[in-house]
Amino acid sequence: MYAYDEIDRTLIDERVSEFRDQVKRRLSGELTEDEFKMLRLQNGVYLQLHAYMFRVAIPYGTLSSKQLRRLAHVARRYDRGYGHFTTRQNIQFNWIKLADLPDALADLAEVGIHSMQTSGNNTRNVTSDQWAGVAPGEVEDPRIWSEILRQYTTLHPEFSFLPRKFKFAITASEHDRAAIKIHDIGLRLHKNEQGETGFEVLVGGGLGRTPLIAKTIRPFVHGRDLLSYVEAIMRVYNQYGRRDNIYKARIKILVHELGIEKFAEEVEEEWQHIRNSDLKLEAATIEDIRSRFTYPTYAKLPHMPDELRKAAHDPLFERWRKNSVSPHKVQGYSIVTISLKPVGGPPGDATAEQMDALADLADKYSFGEIRVGHEQNLALPHVAKHDLPALWKALDKIGLATPNVNLVSDIIACPGLDYCSLANARSIPIAQELTRRFANHDTADLIGRLHINISGCINACGHHHVGHIGILGVEKNGEEFYQITIGGRADEKAELGTLIGPSVPYNEVADVIEDVVEAYLALRATPDELFIDTVKRLGVEPFRERVYATR
Amino acid sequence: MPLVRGGNISQDDFVQLADDAPLPEKGAVLVSAARFLADPQVLLQRSDRLGVIWPNNRDLDDLVPHLERIAVVALVFPTFRDGRAYSQARLLRERYAFRGELRATGQVLRDQFVFMLRAGFDAFDVKKQTDAEAFGQTVKRYSVFYQPTGDGRLAAPFRRLQLRHSESASL
Amino acid sequence: MTSPLEQKIRITGPSVVTANRTWDGTVVYRTATKGWSTDLADAAVVRAVPEARALLAEAVADDLGAVGAYIAPVEIGESGKIAPGNLRERIRASGVTIDLLPVPA
Ligand code: HEM
Ligand code: SF4
């Protein structure tokens, strides 16, 4: 956990009073909507179909129990009793009143939470691996660097009015859980031959209308140079990124139009000017940030405690454990993923009651810490193995023990036409129907790892391009239709999916997906060949044939 | 439009010249980049001060050689959402050591004053009278800053190190 | 962003002007008496482009009352009842189409 110091606290308090003043000026008519819109966006406030929507940052996905309780409080007091966890380690509230927002922000600021730059054409919430600091084999905790970047990007005087939004993601593990290749800047932490910490820097990834996988701009940037290098990239982008067309304004388009070599040259030239400026991170500065992260004092625990051995006789417990419990870097502990994808539920939603209950469980079983991942699930990162059976029972009671993590019903979905003013089609009811179709755990287990991603329009908030199965809502003559792609992935082997055939109407989507899955079961070489590998081996054609033969 | 300089609303002693207007004998003038570049010498030779309005989509390279003899560089915000001039301002101040007046023009609104100050602007062609009047209040909104820029304010990383030193000194 | 007034107005049938109320974001409809109502039944219905443009212009001008104004299709029932003309507007008028997680009252 990172603990705010006086400086951090002062800044967010000052931000709250600034926004309070801005809202007051808006409601008195002193500011027009045109002037106010960017100001509210920079505080995470959108206007959606039914109301304002409020997006709160959960930097690098780490939350304390106290913070989670405060989010529950905001849901209850200012909203309709629930929140939606997004793919970028944010939580959204769908029904907030503009007039209440300053108070909601002030309540959050008390526990060190803010919504700065969760929207708008600035650097967004810096995301990271939800298992940071606890994953076995991690090079080092990427959150130290995420926090350094969070501070550096917050209210940046030069980069608060970029051509378009700008997103960072950082990973320090071999397996990329932060989807760095689909971010504007992706950072892979690793060490050079001298054992010094640095980053492979990737640039120009993104989805939306023009999906592109990020390219490596520099294989190793020393940790001390991270900020100057990033500043060089952003300065080049700020000056040369397109501003004439919002669909061409992301850095990916600039990188694509210039070519990565030319873009890298521009950055390099700029970087040489500022490399030795005040942006150079002194060891003491890095240490200072590091020292404000606290880690649990783990006990010395057995690898296989009696409680676990006993509980193994309960098949329901075993099913959950195998699905949702992952190895921890410390012996005797586990990481527990909490699925927010109950059968028939809206993906990523949690009620205030669930948040409160989970905060209590985190206090009891996970040193008061909770994580938020890009798959729209939560995690308890430090659970003693001997507590697993008790935790499972408690989670089950509050509807948070669905054993479907990484399975076909663990669907990532954007809000779609039920909430979003940009949507062509609904996303959530499609996800809900699919979770019902695949509600049988044995079937889901048999299918194995399979990610379905749904977006309600081409903005791709549900990452449909990189879903093993991607579903994209489009509109045809006023009706909801859906394009289906297969073969995408978001991890270190990131790839974009391929369309398997003509778009299908709302009522047929679930049938088509069932057919795709059946085709996979028939086509896979062995029971361990994952869906994504079968698509890789055979291509799209055999799937197309089977699924569209009768359509 | 009120001009804020040194934190206060003040008289603009520069006259903005259209590209085809005759050059007056006396008095400080503000000209477009196009007019300036067409014949820099004729403008620089005058005994009165010169200001140049530099567009935000043009590299500073053509301006840099003349900076020592230019009193005002006016950078442009066609809308407040177009942030290119922030980069130009920092480059002028921090890389090219421009010490004259750096003036923000265009859609200059209250809620960007702090960013502009931090980027190196010290004069503001403010769009609304009420915003200009609120300048003094508004720039006090923030007392802490995370990033080092060339504006001389102590950024958080350095402030923290200082605090640490003084803490350890007082032990 | 082009302002809604500069965009081409195309209407194919009875239409209303809708927006979100500024202070709380609630869906509202422009009325014939230059106000806003949360009830679609109170909306001023227009059937031709010039009328629609005029209604939209006065709605946009009332930026303090409501924001994001645009023209939306409606259907007029036999009894004269106004109903939303497409799925998006149905969702705006009657709420999300999904089951939410149960929230204890
Ligand atoms: C409901 C209100 C929302 C609106 C209006 C909205 C709007 C947008 C827009 C316009 C883009 C495209 C940006 C571009 O390509 O330049 C975008 C991208 C994105 N959104 Fe959202 N979004 C919303 C909600 C969400 C939610 C709920 C999530 C997470 C589940 C999300 C995650 C993302 C992500 C990850 C991207 C990046 C895709 C990329 O890199 O191109 N958004 N959003
Ligand atoms: S993908 Fe489209 S429909 Fe879905 S949240 Fe993003 S903008 Fe809205």
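**Considering the pattern of salt bridges**
Within the structure shown, the criterion is met by 79 salt bridges over all chains. Notably, a salt bridge pairs R150 of chain A with E147 of chain A, separated by 2.9 Å at the nearest N-O pair. In this pair, R150 of chain A and E147 of chain A both sit in helix 5 (residues 143–153), 3 residues apart, roughly one turn of the helix. On the accessibility criterion, R150 of chain A (5% relative accessible area) is buried. The exposure class assigned to E147 of chain A is buried, which follows from its relative accessible area of 0%. Measuring nitrogen to oxygen at the nearest pair gives 2.7 Å for the salt bridge that ties R90 of chain B to E158 of chain A. Taken together, the residues R90 of chain B in helix 3 (residues 84–95) and E158 of chain A in the loop between helix 5 and strand 7 (168–171) connect one chain to another.

**Regarding the coordination of the iron atom of ligand 1**
Just one protein atom donates to the iron atom of ligand 1; it is C461 of chain A (SG), sitting 2.2 Å from the metal. Residue position: C461 of chain A is located in the loop between strand 17 (452–455) and strand 18 (469–476).

**Things to note about the domain arrangement of chain A**
One can read the domain layout of chain A as domain 1 (6–109), domain 2 (142–290), domain 3 (306–397) and domain 4 (412–548). Inter-centroid distance (C-alpha atoms) of domain 2 of chain A to domain 3 of chain A is 34 Å.

**Things to note about a negative patch on the surface**
A cluster of acidic residues, E261, E265 and E269 of chain A together with D59 and D61 of chain B, forms a negative patch at the surface. Considering the arrangement of structural elements, one finds D59 of chain B in the loop between strand 5 (50–54) and strand 6 (72–77).

**Brief notes about the site of ligand 1**
Residue and element names in this part refer to chain A. In the neighbourhood of ligand 1, 23 residues make up the surrounding shell, with K165, K167, L207, C461 and H463 lying closest. Interatomic distance of 3.4 Å between a side-chain N/O atom of K165 and a nitrogen atom of ligand 1. The side chain of R250 places a nitrogen or oxygen atom 3.1 Å from an oxygen atom of ligand 1. Class assignment of the residues belonging to the shell around ligand 1 gives a composition of 7 nonpolar, 10 polar and 6 charged.

**Regarding the nonpolar core**
Grouped together as the largest cluster of nonpolar side chains are 160 residues, with contacts concentrated most on L71 of chain A together with F121 and F124 of chain B. In terms of residue count, helix 6 (residues 226–240) of chain A provides more of this core than any other element does, 9 residues in total. Not counting chain neighbours up to four residues away, the residues in contact with L71 of chain A comprise V56, I58, L63, I91, F93, L108, I113 and M355 of chain A.

**Considering the interface of chain A and chain C**
Counting residues at the interface gives 41 residues for chain A and 26 residues for chain C. Both faces considered, chain A and chain C share a buried interface measuring about 2500 Å² in area, 65% of it formed by carbon and sulfur atoms. Linking chain A to chain C there are 2 salt bridges. With its nearest N and O atoms 3.5 Å apart, the salt bridge here joins D99 of chain C to R436 of chain A. For the pair chain A and chain C, the interface holds 11 residue pairs in polar contact (both at pLDDT 80 or more). Put simply, the parts of the chain that give the side of chain A that touches chain C at least two residues each are helix 1 (6–27), helix 2 (33–41), strand 5 (90–96), strand 13 (349–351), helix 12 (352–365) and helix 14 (428–437) of chain A. In terms of residue count, helix 14 of chain A provides more of the side of chain A that touches chain C than any other element does, 4 residues in total. The residue inventory of the side of chain A that touches chain C, partitioned by class, reads 18 nonpolar, 12 polar and 11 charged.

Cut-offs applied
Residues numbered from 1 in each chain as written. Chains lettered and ligands numbered in written order. Predicted model: local features only at pLDDT ≥ 70, side-chain atom pairs only at ≥ 80, totals over all residues. Heavy atoms only, no water. Salt bridge = Lys/Arg side-chain N within 4 Å of Asp/Glu carboxyl O. Helix = DSSP H or I, 4+ residues; strand = E, 2+ residues; numbered from the N terminus. Buried < 20%, exposed > 50% of the residue type's maximum accessible area, 1.4 Å probe, protein only. Donors = N, O, S within 2.8 Å, 3.2 Å for Na, K, Ca; no water. Domains from an automatic or database assignment. Patch = residues over 30% accessible without salt bridge, like charges linked within 9 Å, V, L, I, M, F, W, Y side chains within 5 Å. Areas by Shrake-Rupley, 256 points an atom, 1.4 Å probe, with all protein chains shown as cover. Lys, Arg positive; Asp, Glu negative; His and termini not counted. Charge placed at Lys NZ, Arg CZ, Asp CG, Glu CD. Near = heavy atom within 4 Å. Polar contact = N/O pair within 3.5 Å; in protein donor to acceptor, adjacent residues only side chain to side chain. Nonpolar A, V, L, I, M, F, W, Y, C, P; charged D, E, K, R; others polar. Core = buried A, V, L, I, M, F, W, Y, C linked by side-chain atoms within 4.5 Å. Contact = heavy atoms within 4.5 Å. Buried area = accessible area lost by both parts, 1.4 Å probe.

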